[in-house]
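Residues per chain are reported as follows:
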Amino acid sequence: MIIRILGEGQFRFDDSNLGDLNKIDNQIVDHVKNGNQDGFCQELARMITTVKELGKPISVQEVIPSDIIVPPADLSFQEARNIFCNDGLIEG
């Protein structure tokens with residue numbers, strides 16, 4: 001699976017770690033629904049860190065479609081309401 005972090009590049013991410021990433025995604029959705037901006041910021045940072053730590057960076061010379069696009073760490077809470085709704089970034 002290919003995951004892009006906007007402004008930071010793409011990463012090859014093993015599908016076996018997708019469950020852990022989905023848990024973070026679901027927590028972000030809950031924080032956004034409940035208006036918890038601090039919780040949202042913490043979990044978005046954790047999502048980005050998880051992708052970077054568990055994924056393998058892809059060279060900028062490679063052009064590969066992304067399966068998941070993670071917004072940048074400076075995403076506003078207002079913008080998050082449009083992105084982290086329903087199932088969030090990851091279905092399930």
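Please refer to the structure higher up on the page.
Residues numbered from 1 in each chain as written. Predicted model: local features only at pLDDT ≥ 70, side-chain atom pairs only at ≥ 80, totals over all residues. Heavy atoms only, no water.

1. Here's the deal with the overall build of the protein chain
A count of helical and extended segments in the protein chain gives three helices and four strands. A compact globule built from 92 residues should have a C-alpha radius of gyration of about 12 Å, and the protein chain, at 13 Å, falls within 12% of that. For the protein chain, the C-alpha atoms occupy an extent of roughly 40 × 25 × 20 Å along the three principal directions. Burial analysis of the protein chain (92 residues in total) assigns 36% to the buried set. Accessible area of the protein chain: about 5,500 Å², with a carbon and sulfur share of 46%. Between the centroid of the 8 positive side chains of the protein chain and the centroid of its 15 negative side chains there is a distance of 2 Å. (Helix = DSSP H or I, 4+ residues; strand = E, 2+ residues; numbered from the N terminus. Rg over C-alpha atoms; globule rule 2.2 N^0.38 Å. Buried < 20%, exposed > 50% of the residue type's maximum accessible area, 1.4 Å probe, protein only. Areas by Shrake-Rupley, 256 points an atom, 1.4 Å probe, with all protein chains shown as cover. Lys, Arg positive; Asp, Glu negative; His and termini not counted. Charge placed at Lys NZ, Arg CZ, Asp CG, Glu CD.)

2. Things to note about the pairing of strand β1 (residues 2-5)
Note: β1 against strand β2 (residues 9-12), four bridges, orientation antiparallel. Looking across to β2, one finds that isoleucine 5 is bridged to glycine 9. When β1 meets strand β4 (residues 68-70), the two strands line up parallel, connected through three bridges. Note that in β4 the partner of isoleucine 5 across the bridge is valine 70. (Pairing = 2+ DSSP bridges.)

3. Focus: the sheet that holds β2
With mixed pairing, four strands are arranged side by side in an open sheet as β3-β2-β1-β4. Pairing within the sheet leaves two strands with one partner each, and these edge strands are β3 (56-57) and β4. The strands that helix α2 (residues 37-54) touches are β1, β2, β3 and β4; relative to β1, the one it contacts most, it runs at about 130 degrees. (Contact = heavy atoms within 4.5 Å. Axes fitted to C-alpha atoms, helices over the stretch in contact; angles between N-to-C directions.)

4. Topic: unusual backbone geometry
The phi dihedral of asparagine 86 is positive, around 55 degrees, even though this residue is not glycine. Along the chain, asparagine 86 turns up in the segment after α3 (77-83). Among the residues examined, asparagine 86 registers a relative accessible area of 67% and is labelled exposed.

5. Some words on the packing of aromatic side chains
Under the definition given, this model contains two aromatic pairs. On the numbers, 5.6 Å between centres and 65 degrees between planes, the contact of phenylalanine 40 with phenylalanine 77 is edge-to-face. On the criterion of sequence distance, the pair formed by phenylalanine 40 in helix α2 and phenylalanine 77 in helix α3 is long-range, its members being 37 residues apart. In terms of burial, phenylalanine 40 and phenylalanine 77 fall into one category: buried. Put simply, the rings of Phe40, Phe77 and Phe84 pair up and form one aromatic cluster. (Phe/Tyr/Trp six-rings, centres within 6.5 Å; stacked < 30°, edge-to-face > 60°.)

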